[in-house]
Amino acid sequence: MEKLDACIRNHDREIEKMCNFHHQGFVDAITELLKVRADAEKLKVQVTDTNRRLQDAGKEVIAQTEEIIRCRVQQRNITTVVEKLQLCLPVLEMYSKLKEQMNVKRYYSALKTMEQLENLYLPRVSQYRFCQIMIENLPKLREEIKEISMSDLKDFLESIRKHSDRIGETAMKQAQQQKTFSTTLQKQNNVNYGRNMRLGRSRILESKNEITLKRTFEDDDEHEEEVLTAQDLVDFSPVYRCLHIYSVLGDGEIFENYYRKQRRKQARLVLQPQSSMHETVEGYRRYFSQIVGFFVVEDHILHVTQGLVTRTYTDELWNMALSKIIAVLRTQSGYGFPVNRLFDLLFEIRDQYNETLLKKWSGLFRDIFEADNYSPIPVANEEEYKIVISKFPFQDPELDKQSFPKKLPMSQSVPQIYIQVKEFIYASLKFSESLHRSSTEIDDMLRKSTNLLLTRTLSSCLQNLIKKPHIGLTELVQIIINTTHLEQACKYLEDFISNITNISQVTVHTSRLYGLSTFKDARHAAEGEIYTKLNQKIDEFIQIADYDWTMSESDGRASGYLMDLINFLRSTFQVFTHLPGKVAQTACMSACQHLSTSLLQMLLDTELKQISMGAIQQFNLDVIQCELFASSEPVPGFQGDTLQLAFIDLRQLLDLFMVWDWSTYLADYGQATSKYLRVNPSTALTLLEK
């Protein structure tokens with residue numbers, strides 16, 4: 001305890017020393033702090049005052065800053081609005097333009113504007129409500145345009161119905177003026193022609209004719225001032241406009257069908273005569289003027305529009321009109337009015353109708369020839385055979401004895417051609433029956449029309465077919481067979497015409513069909529083409545010949561190209577079995593002669609400078625094969641060695657060189673019994689030099 005008390009006392013003394021040592025510093029610090037307190041109070045007052053004055057000054061800056069921010073927001077909004085308006089303004093302008101076009105009835109332009117709106121402008125601003133309204137209105141506007149244009153078309157149809165008689169009268173006046181002018185001009189030419197023969201009288205006639213021609217021109221000028229054209233009487237713009245509008249809308253076919261349907265109805269109305277028509281000449285004049293006017297309008301529409309009216313459509317209407325007019329004339333002739341001149345006019349039109357038929361059947365014949373496979377018709381049973389026989393008069397007792405299946409010699413085109421010729425006769429008869437002619441005249445007209453079909457249309461189609469490059473030898477052979485059977489069928493066509501006209505063929509004035517010459521000419525052309533193609537094929541084989549003219553000895557066998565050529569000729573001539581014997585023999589002889597000539601020309605070729613005896617021996621082997629082919633009678637009917645004579649020139653020339661029998665050749669030269677009679681000296685000399 002005493003030690004502890006002693007330790008405590010020691011520490012107390014140290015603490016007291018330390019406190020005594022720092023006491024003055026502490027007093028000084030308190031004194032400084034008291035001085036700082038006064039300065040702090042003074043600084044606080046100054047800071048407070050500065051803060052107050054700063055707050056007062058910042059209020060104006062804050063207000064100006066907020067104003068700037070607001071202005072910038074407004075500026076950004078204005079920029080955005082301007083950009084959007086720049087996108088919307090073209091849309092609004094186009095829509096305004098659309099409305100204006102609708103108001104002034106420029107519907108075609110309005111449709112183009114709609115198309116631009118939909119494809120170019122509206123997609124850019126489709127998010128706005130006014131654009132949605134526009135998009136919803138466009139289909140309604142289109143329907144409105146269609147209704148308005150259709151209304152204009154109906155007005156147009158009503159207008160041309162009312163003006164048909166005036167248009168027809170105008171057209172007939174113009175036709176009469178043209179006819180008068182042509183007649184006067186012809187007289188003028190006749191007068192000029194006689195001028196050199198009777199000069200004095202010619203001058204008088206010329207003066208008179210000039211006065212007449214002058215009066216004619218003056219009358220024409222007066223008529224031209226008075227007579228209006230179809231365009232002057234009728235405004236065709238509604239039909240053009242409606243056609244364009246429906247075409248743009250993709251409904252062109254609907255419009256065409258509607259227009260044709262309405263005009264067909266109007267045609268029936270025009271062709272239906274008034275009950276009192278026969279009472280006055282004016283009734284007839286008005287009736288025919290309406291018909292002419294109707295077709296003048298259709299002809300105008302045909303030539304100024306694309307596809308609205310077609311030639312087929314107008315021909316159909318014209319055929320309907322002809323039938324109706326003829327029926328009306330026959331009916332009205334019972335009232336005592338002469339109608340012969342009208343039937344004469346129809347008789348003149350018949351030539352044009354026949355030309356139209358010939359053009360149509362020309363296309364039918366071409367299609368038949370294109371579709372034919374040029375192979376014999378196969379028949380599997382009796383039923384198929386009867387079907388073919390019912391279409392074409394074919395008789396062959398030898399073929400009847402054969403069992404099924406079998407093949408008829410002609411191809412499919414033969415019965416089809418025969419049927420189409422009969423259809424042509426029916427079509428020609430349908431028009432001829434309405435011409436108020438006797439049965440004899442109708443029979444004569446049918447035969448003349450059929451002759452034109454056979455000698456001009458069918459003959460032209462056959463000639464063009466034969467000349468086509470894709471027609472080969474097999475096809476040409478079949479064409480010859482086909483024309484033979486068609487030629488034999490001509491007598492059945494004559495019987496057919498006699499049956500439908502009830503005119504016997506023994507009648508003195510009955511015309512005959514010229515089909516025989518047509519089919520003979522076609523056969524001759526096909527035969528000539530066969531000869532040409534055979535020679536061309538032989539030339540192709542000759543071109544691939546590759547002789548080694550310097551070879552020391554032959555190969556001991558014929559050249560490959562020649563064996564291929566002979567095989568080709570053998571297979572080709574087998575196809576000729578159905579041809580007439582003379583044709584096949586001529587083709588075979590022509591081919592052998594051409595082959596012989598080509599081989600000889602090969603030896604005499606000027607570019608060939610040297611030939612060895614080995615090459616001559618090889619060439620001799622090839623000629624031997626040709627002679628063997630000729631002796632095998634590839635085509636029956638040759639007498640003896642007639643076909644082998646085609647190679648006689650080559651044979652004698654080669655024998656002369658193979659045997660080297662020049663002494664005999666020179667000794668017997670010029671004698672009829674000479675062994676080398678067919679060897680030309682210049683040919684032998686040329687070959688000898690090589």
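Residues numbered from 1 in each chain as written. Predicted model: local features only at pLDDT ≥ 70, side-chain atom pairs only at ≥ 80, totals over all residues. Heavy atoms only, no water.

Draft legend 1. Inspection of the pattern of salt bridges at higher detail. Taken as a whole and assessed by the stated rule, the structure comprises 15 salt bridges. One salt bridge connects Asp444 with Lys448, and the closest N-O pair in it is separated by 3.1 Å. Residue Asp444 and its partner Lys448 are both found in helix α14 (residues 439-467); the two are separated by 4 residues, about one turn of the helix. Salt-bridge contacts for Arg523 lead to Glu487; the nearest nitrogen and oxygen are separated by 2.5 Å. On the criterion of sequence distance, the pair formed by Arg523 in helix α17 (residues 515-543) and Glu487 in helix α15 (residues 473-488) is long-range, its members being 36 residues apart. By relative accessible area, which is 15% here, Glu487 ends up buried. It is possible to trace a salt-bridge network through shared partners that takes in Asp49, Arg52, Arg53 and Asp56. (Salt bridge = Lys/Arg side-chain N within 4 Å of Asp/Glu carboxyl O. Helix = DSSP H or I, 4+ residues; strand = E, 2+ residues; numbered from the N terminus. Buried < 20%, exposed > 50% of the residue type's maximum accessible area, 1.4 Å probe, protein only.)

Draft legend 2. Molecular detail of a nonpolar patch on the surface. Among the surface-exposed residues, Phe26, Val27, Ile30, Leu33, Leu34 and Val36 lie close enough to one another that they form a single nonpolar patch of about 560 Å² accessible area. As for its placement among the helices and strands, Val36 is situated in helix α1 (residues 2-103). (Patch = residues over 30% accessible without salt bridge, like charges linked within 9 Å, V, L, I, M, F, W, Y side chains within 5 Å. Areas by Shrake-Rupley, 256 points an atom, 1.4 Å probe, with all protein chains shown as cover.)

Draft legend 3. Looking closely at the packing of helix α13 (residues 413-432) against helix α16 (residues 490-501). Interaxial distance between α13 and α16 falls to 11 Å at its minimum, and their mutual angle equals 25°. Taken together, the axes of α13 and α16 are roughly parallel relative to one another. With respect to the hand of their crossing, α13 and α16 are arranged in right-handed fashion. Contacts between α13 and α16 involve Tyr418, Val421, Lys422, Ile425, Tyr426 and Leu429 from the first element and Tyr492, Leu493, Phe496, Ile497 and Ile500 from the second. Partitioned by chemical class, the residues of the contact of α13 with α16 number 10 nonpolar, no polar and 1 charged. (Axes fitted to C-alpha atoms, helices over the stretch in contact; angles between N-to-C directions. Parallel < 35°, antiparallel > 145°, perpendicular 65-115°, else oblique. Left-handed = near helix turned anticlockwise from the far one by under 90°. Contact = heavy atoms within 4.5 Å. Nonpolar A, V, L, I, M, F, W, Y, C, P; charged D, E, K, R; others polar.)

Draft legend 4. Region of interest: the state of the cysteines. One pass over the structure, following the stated rule, counts 0 disulfides. Summary of cysteine pairing: Cys588 is not part of a disulfide, and the nearest cysteine sulfur, belonging to Cys592, is at 4.4 Å. (Disulfide = S-S within 2.5 Å.)

Draft legend 5. Up close: helix α20 (residues 613-631). Taking 1.5 Å as the rise per residue, α20 with 19 residues should run 27 Å; its terminal C-alpha atoms sit 26 Å apart, in good agreement. One or two residues past the end of α20 sits Glu633, with phi positive at roughly 55°. (Expected span 1.5 Å × (residues − 1).)

Draft legend 6. Quick look at the side chain of Gln101. Relative to the elements of secondary structure, Gln101 occurs in helix α1. By relative accessible area, which is 4% here, Gln101 ends up buried. Here Thr113 takes part through its side chain, which lies 2.8 Å from a polar atom of the side chain of Gln101. Sequence-distant contacts of Gln101, defined by excluding residues within four places in its chain, comprise Arg106, Ser109, Ala110 and Thr113. (Polar contact = N/O pair within 3.5 Å; in protein donor to acceptor, adjacent residues only side chain to side chain.)

Draft legend 7. Examining the packing of aromatic side chains more closely. Under the counting rule described, the total for this entry stands at 20 aromatic pairs. On the basis of an interplanar angle of 85° and a centroid distance of 5.3 Å, the ring pair of Tyr426 and Phe496 is categorised as edge-to-face. Of this pair, Tyr426 sits in helix α13 while Phe496 sits in helix α16, and the two are 70 residues apart along the sequence. By relative accessible area, Tyr426 is classed as partly exposed at 43%. What makes Phe496 buried here is its relative accessible area of 12%. When the centroid spacing of 6.3 Å and the interplanar angle of 70° are considered together, the rings of Tyr665 and Tyr676 count as edge-to-face. Taken as a pair, Tyr665 in helix α22 (residues 662-667) and Tyr676 in the loop between α22 and α23 (681-689) lie far apart in primary sequence, 11 residues in all. For the pair formed by Tyr665 and Tyr676, the shared burial category is buried. (Phe/Tyr/Trp six-rings, centres within 6.5 Å; stacked < 30°, edge-to-face > 60°.)

Draft legend 8. Seen up close, the environment of Val575. Relative to the helices and strands, Val575 resides in helix α18 (residues 560-575). By relative accessible area, Val575 is classed as partly exposed at 33%. Sequence separation between Val575 and Gln478 is 97 residues, and the spatial gap between their C-alpha atoms is 9.4 Å.

Draft legend 9. Highlighting the side chain of Glu627. In this structure, Glu627 sits in helix α20. Given a relative accessible area of 16%, Glu627 falls into the buried group. Within the structure, the side chain of Glu627 is placed 2.9 Å from the side chain of Arg651, a separation counted as a polar contact. In contact with Glu627, not counting residues within four places along its chain, are Gln644, Phe647 and Arg651.

Draft legend 10. Region of the structure containing the nonpolar core. Counting 110 residues, the largest nonpolar core has Ile530, Leu534 and Phe619 as the members making the most contacts within it. Residue contributions to this core peak at 12 residues, all from helix α19 (residues 581-603). When residues no more than four places from it in sequence are discounted, the contact partners of Phe619 are Tyr547, Trp549, Leu599, Met602, Leu603, Leu650 and Leu654. Among the nonpolar cores identified, the runner-up in size contains 32 residues, and Ile167, Tyr246, Phe294 and Val309 belong to it. (Core = buried A, V, L, I, M, F, W, Y, C linked by side-chain atoms within 4.5 Å.)

Draft legend 11. A look at the environment of Lys84. Take Lys84: it is sitting in helix α1. A C-alpha to C-alpha distance of 8.3 Å links Lys84 and Val125, two positions 41 residues apart in sequence. When sequence neighbours within four positions are dropped, the list of residues in contact with Lys84 reads Gln127 and Tyr128.

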